[in-house]
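# Per-entry structural report
Here is what each chain is made of, one letter per residue.
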Amino acid sequence: MSDAMISLERGDWQTLADEVSEIRRVVFIEEQQVPQDEEWDGRDEQCVHFLARLEGRAVGTARLLPDGHVGRVAVLSQARGLGLGLRLMEAAIHAARQAGHAEVLLDAQIHALEFYQRLGFTAFGEEFIDAGIPHRSMRLILN
């Protein structure tokens, strides 16, 4: 997949909400059976959002909260395995660094731990259940 076919946007909720929310609806609510009231947590307005496009089509997203947490990382099934999750995470980490955060935190689904470890994140704390899915907290020190 050439880089010319992949683009990344950074924006606010007002600008990206329609496309971001559709990706999250498909991945989290439909595929993973996350309850709607847990997915729509009321925090999107305060986040920086990232949107990955493949040949112009919105296929992936992530968000950075004001406290340096990354969350809602999602890529549509037909676009997985192309490095879009990596690109989204690199953009979120870069934005956290620009915002002056000392670390980036996230709560990773257990099946995704290895993905985040490749980016330099380390797990801490006990495994916990969020929206019915096992997770671990992870951090990446930025200094």
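Rules behind the numbers
- Residues numbered from 1 in each chain as written.
- Predicted model: local features only at pLDDT ≥ 70, side-chain atom pairs only at ≥ 80, totals over all residues.
- Heavy atoms only, no water.
- 1 Å grid on protein atoms, 1.4 Å probe; cavity = no way out; pocket = protein on both sides within 12 Å on 5 of 7 lines; lining within 4 Å.
- Points joined across faces, edges and corners; volume = space filled by probe spheres on them.
- Helix = DSSP H or I, 4+ residues; strand = E, 2+ residues; numbered from the N terminus.
- Nonpolar A, V, L, I, M, F, W, Y, C, P; charged D, E, K, R; others polar.
- Pairing = 2+ DSSP bridges.
- Axes fitted to C-alpha atoms, helices over the stretch in contact; angles between N-to-C directions.
- Contact = heavy atoms within 4.5 Å.
- Core = buried A, V, L, I, M, F, W, Y, C linked by side-chain atoms within 4.5 Å.
- Buried < 20%, exposed > 50% of the residue type's maximum accessible area, 1.4 Å probe, protein only.
- Polar contact = N/O pair within 3.5 Å; in protein donor to acceptor, adjacent residues only side chain to side chain.

## Digging into the layout of surface pockets
- Counted as a void, the largest pocket has a volume near 1000 Å³.
- In terms of lining residues, the largest pocket is bounded by 40 residues, among which Phe28, Arg72, Val73, Gln109 and Tyr116 are the most central.
- Broken down by secondary-structure element, the contributors of at least two residues to the lining of the largest pocket are helix 1 (13-31), helix 2 (36-39), strand 4 (70-75), helix 3 (84-98), strand 5 (103-109), helix 4 (113-118) and strand 7 (133-141).
- Split by residue class, the lining of the largest pocket holds 19 nonpolar, nine polar and 12 charged.

## Brief notes about the sheet that holds strand 3 (residues 57-64)
- Reading across from one edge, 1-2-3-4 is the order of the four strands in this open sheet, with antiparallel pairing throughout. Here the strands that pair on one side only, and so sit at the sheet edges, are strand 1 (6-11) and strand 4. For this sheet, the mean inter-axis angle between neighbouring strands, taken without regard to orientation, is 20°.
- One ladder, built from six bridges, connects strand 1 with strand 2 (residues 48-54); its direction is antiparallel. Within strand 2, the residue paired with Arg10 across the bridge is Phe50.
- Lying on the sheet, helix 1 is in contact with strand 1, strand 2, strand 3 and strand 4; it crosses strand 2 at an angle near 70°.

## Concerning the nonpolar core
- The biggest cluster of nonpolar side chains holds 43 residues, and the ones touching the most others in it are Met89, Leu106, Tyr116 and Phe121.
- If you list the elements that add at least two residues to this core, you get helix 1, strand 2, strand 3, strand 4, helix 3, strand 5, helix 4 and strand 7.
- Among residues more than four places away in sequence, those in contact with Phe121 are Met89, Ile93, Val104, Leu106, Tyr116, Met138, Arg139 and Leu140.

## Notes on the side chain of Arg53
- Inspection of the secondary structure assignment puts Arg53 in strand 2.
- On the basis of relative accessible area, Arg53 is assigned to the buried category, the value being 13%.
- A polar side-chain atom of Arg53 sits 2.8 Å from a polar atom in the side chain of Glu19.
- Of note is the side chain of Arg53, whose polar atom sits 3.2 Å from the backbone oxygen of Gly56.
- The contacts of Arg53, once residues within four sequence positions are left out, are Met5, Ile6, Ser7, Glu9, Glu19, Ala58 and Val59.

Bear in mind that shape data such as this cannot, by itself, settle questions of function.
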